[in-house]
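Structural overview
Read off the chains here:
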Amino acid sequence: MAQGLADGPTVTAPAAVTTTTTLRGAAAVHRDLIRIGRAVRTQSHDGPLSAGQMSALWTIAQHAPIRATELADRERVAAPTMSRVVASLERLGMVVRTADEHDGRVSLLALTDEGVAHIEGASSRTSQLFERALDGLGARDRACVERSMRLLADTLCDLTPHPSAVASTTTTENTPTEGGA
């Protein structure tokens, strides 16, 4: 039987070995995340929506009513990308735009009844899939996986620059400095 995650041995290695091991470990994590994503797509049958559309739908559900610019920021995508995602969700009847009562120039996004039903159905199917997988683990391993996934997700999100930050860096780099050519 395989040794559990929570009670595995801790090994200290020399720096050269650690770098190679870390790269192999990072590659293994990447490979495993791809495998998890494939399994979820295959078994959860989330329907016609892409991962980006589902993520935007979940974010709208959590923060509605929300401006498209805030949605893009939360999803860490450029505004034009989010505009296309929102337009596709509108065409599918899952999202509706309403006028902001404080600023008529701004529209706010919210889920339609169909969007809510899709979220609830997709979330429950995917959650059930993960629940079955997590039920196969012991209590300590389950807690370790839950904590590790949250930590990895938070860390990756912190490393991902906001598109607006990347755009401003690019603009700043292309702007001549005072006294420059």
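Residues numbered from 1 in each chain as written. Predicted model: local features only at pLDDT ≥ 70, side-chain atom pairs only at ≥ 80, totals over all residues. Heavy atoms only, no water.

Moving on to the environment of glutamine 53. The topology assignment puts glutamine 53 in helix 2 (residues 51–63). Since its relative accessible area comes to 12%, glutamine 53 is described here as buried. Separated by 33 residues in sequence, glutamine 53 and valine 86 place their C-alpha atoms 7.9 Å apart. Not counting residues within four places of it along the chain, the set of residues in contact with glutamine 53 comprises Pro48, Val85, Ser88, Leu89 and Leu92. (Helix = DSSP H or I, 4+ residues; strand = E, 2+ residues; numbered from the N terminus. Buried < 20%, exposed > 50% of the residue type's maximum accessible area, 1.4 Å probe, protein only. Contact = heavy atoms within 4.5 Å.)

Turning next to the packing of helix 2 against helix 5 (residues 113–135). Orientation of helix 2 relative to helix 5, taken along the N-to-C sense of each, is 110°, at an axis distance of 10 Å. Relative to helix 5, the element helix 2 lies roughly perpendicular. Relative to helix 5, the crossing made by helix 2 is left-handed. When helix 2 is examined against helix 5, the residues Met54, Leu57 and Trp58 are found in contact with a partner set consisting of Gly115, His118, Ile119, Ala122 and Ser123. (Axes fitted to C-alpha atoms, helices over the stretch in contact; angles between N-to-C directions. Parallel < 35°, antiparallel > 145°, perpendicular 65-115°, else oblique. Left-handed = near helix turned anticlockwise from the far one by under 90°.)

This brings us to the pairing of strand 3 (residues 107–111). As defined by bridge partners, strand 1 (residues 66–67) adjoins strand 3 across two bridges and the pair is classed as antiparallel. Among the inter-strand pairings, isoleucine 66 is bridged to a residue of strand 3, identified as leucine 109. Pairing analysis gives five bridges linking strand 2 (residues 95–99) to strand 3, with the strands arranged antiparallel. From the neighbouring strand, valine 95 faces strand 3, where its bridge partner is leucine 111. (Pairing = 2+ DSSP bridges.)

What follows is about the side chain of glutamate 75. With respect to the helices, strands and loops of the structure, glutamate 75 is situated in helix 3 (residues 68–75). Despite being buried, glutamate 75 has no salt bridge partner; arginine 74 is the closest side chain of opposite charge, sitting 8.1 Å away. For glutamate 75, the side chain forms a polar contact with the side chain of serine 55, separated by 2.5 Å. Leave out the neighbours within four places in its chain, and glutamate 75 touches Gly52, Ser55, Ala56, Thr59 and Met82. (Lys, Arg positive; Asp, Glu negative; His and termini not counted. Salt bridge = Lys/Arg side-chain N within 4 Å of Asp/Glu carboxyl O. Polar contact = N/O pair within 3.5 Å; in protein donor to acceptor, adjacent residues only side chain to side chain.)

With the rule as written, the count across this model stands at nine salt bridges. Residues aspartate 32 and arginine 31 are paired through a salt bridge, measuring 3.1 Å at the closest nitrogen-oxygen approach. Take arginine 31: its relative accessible area is 46%, and that puts it in the partly exposed class. Note that aspartate 103 and arginine 105 form a salt bridge whose closest N and O atoms lie 3.0 Å from each other. Relative accessible area serves as the criterion here: at 18%, aspartate 103 is assigned to the buried category. Its relative accessible area of 75% is what places arginine 105 among the exposed residues.

Bear in mind that shape data such as this cannot, by itself, settle questions of function.
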